[in-house]
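Here is what each chain is made of, one letter per residue.
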Amino acid sequence: FEMLDSMGRTVHVSTIAAHLGEAVSLQGRFDEAERLSELSEELGASDDTFTQMLWRQARAIVLARRGEVEEAKRLALEAVAIGEETDMLDQQGDAYTDLGEVHVLDGKLVEAAAALEQAVARYERKGNIVSMQRAQSRLAEIRAGARASRS
């Protein structure tokens with residue numbers, strides 16, 4: 001990231017910044033994740049579909065973890081909509097996975113399960129077995145949580 005940034009390779013930096021934002025978010029470093037998503041948004045070209053999806057996904061997770069679920073849902077849904085206009089099945093699956101996590105953080109387990117089902121379908125169509133199994137596992141957890149909350 002730093003090497004590409006020092007070389008002025010903004011196209012690559014914008015995408016890598018969004019990926020780093022997702023990674024540091026998983027580590028609980030939400031302020032840093034938000035800054036990276038902002039950098040990605042700032043540097044990303046408007047026609048760079050992948051980056052446009054990624055920065056929204058990274059920021060949506062941060063906002064949802066902070067309790068700002070309405071804005072998080074808006075960004076996650078935008079990422080899904082952008083992805084739906086492409087043939088990038090893995091990235092569509094990732095966007096639906098992140099939308100599912102936003103719904104989980106909002107306590108909307110039915111909506112979360114529906115998003116994860118969409119992710120599984122895309123990973124399966126792509127033949128991405130690892131991501132498909134990860135999404136199926138998360139879907140099973142969500143469904144178990146939904147059943148437990150009804151009991």
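These figures come from a predicted structure and were not determined experimentally.

Draft legend 1. Representation of the overall build of the protein. Of the regular secondary structure elements, the protein holds eight helices and zero strands. Ordered by position in the sequence, the α and β elements of the protein form the string α-α-α-α-α-α-α-α. In terms of overall size, the protein behaves like a compact globule, its C-alpha atoms giving a radius of gyration of 15 Å where 151 residues would be expected to give roughly 15 Å. Viewed in the frame of its principal axes, the protein has a C-alpha envelope of about 55 × 35 × 25 Å. The buried share among the 151 residues of the protein stands at 43%. Within the protein, counting contacts between residues at least 6 apart in sequence, those at least 24 apart form 54% of the total. Summed over all atoms, the accessible surface of the protein reaches about 8,000 Å², with 50% contributed by carbon and sulfur. A distance of 6 Å separates the average location of the 18 positive side-chain charges in the protein from that of its 27 negative side-chain charges.

Draft legend 2. Fine view of the side chain of Ser40. Considering the arrangement of structural elements, one finds Ser40 in helix α3 (residues 30-43). Apart from the residues lying within four places of it in its own chain, the contact partners of Ser40 are Ser14, Ala17, Ala18, Thr51 and Trp55.

Draft legend 3. Representation of the environment of Glu101 in the model. You can see Glu101 is positioned in helix α6 (residues 89-105). Residues Glu101 and Arg134, 33 residues apart in the sequence, show an inter-C-alpha distance of 13 Å. If near-sequence neighbours (up to four positions away) are discounted, Glu101 is found in contact with Ile61 and Arg138.

Draft legend 4. Layout of helix α4 (residues 49-65). Along its 17 residues, α4 runs 25 Å from first to last C-alpha, staying within 8% of the 24 Å computed at 1.5 Å per residue. Of all 17 residues in α4, 14 are buried, a share of seventy percent or more. Just past α4, the residue Gly67 takes up positive phi, approximately 90 degrees.

Draft legend 5. Quick look at the confidence of the model for the protein. Per-residue confidence for the protein gives a mean pLDDT of 91, with 92% of residues at or over 70. Here helix α1 (residues 2-6) stands out as the least confident element of the protein, with mean pLDDT 56; helix α5 (residues 69-84) is the most confident, with 98.

Draft legend 6. Spotlight on the nonpolar core. Core analysis: the largest hydrophobic core is formed by 28 residues, its most contacted members being Ala60, Ala72, Tyr96, Leu99, Val102 and Ala135. If you list the elements that add at least two residues to this core, you get α4, α5, α6, α7 (109-126) and α8 (129-150). If sequence neighbours within four positions are ignored, Ala135 has contacts with Leu116, Ala119, Val120 and Tyr123. Counting residues in each nonpolar core, the second largest holds five residues, with Ala17, Val24, Ala33 and Leu36 among its members.

Draft legend 7. Up close: the packing of α5 against α6. Interaxial distance between α5 and α6 falls to 9 Å at its minimum, and their mutual angle equals 165 degrees. Of the possible angle classes, the one that applies to α5 and α6 is roughly antiparallel. Here α5 runs over α6; the crossing is left-handed. For the pair α5 and α6, contact is made by Val69, Ala72, Lys73, Ala76, Leu77, Ala79, Val80, Gly83 and Glu84 and by Gln92, Ala95, Tyr96, Leu99, Val102, His103 and Leu105, respectively. Split by residue class, the contact of α5 with α6 holds 11 nonpolar, three polar and two charged.

So, how was this worked out
- Residues numbered from 1 in each chain as written.
- Predicted model: local features only at pLDDT ≥ 70, side-chain atom pairs only at ≥ 80, totals over all residues.
- Heavy atoms only, no water.
- Helix = DSSP H or I, 4+ residues; strand = E, 2+ residues; numbered from the N terminus.
- Rg over C-alpha atoms; globule rule 2.2 N^0.38 Å.
- Buried < 20%, exposed > 50% of the residue type's maximum accessible area, 1.4 Å probe, protein only.
- Contact = heavy atoms within 4.5 Å.
- Areas by Shrake-Rupley, 256 points an atom, 1.4 Å probe, with all protein chains shown as cover.
- Lys, Arg positive; Asp, Glu negative; His and termini not counted.
- Charge placed at Lys NZ, Arg CZ, Asp CG, Glu CD.
- Expected span 1.5 Å × (residues − 1).
- pLDDT = per-residue confidence, 0-100.
- Core = buried A, V, L, I, M, F, W, Y, C linked by side-chain atoms within 4.5 Å.
- Axes fitted to C-alpha atoms, helices over the stretch in contact; angles between N-to-C directions.
- Parallel < 35°, antiparallel > 145°, perpendicular 65-115°, else oblique.
- Left-handed = near helix turned anticlockwise from the far one by under 90°.
- Nonpolar A, V, L, I, M, F, W, Y, C, P; charged D, E, K, R; others polar.

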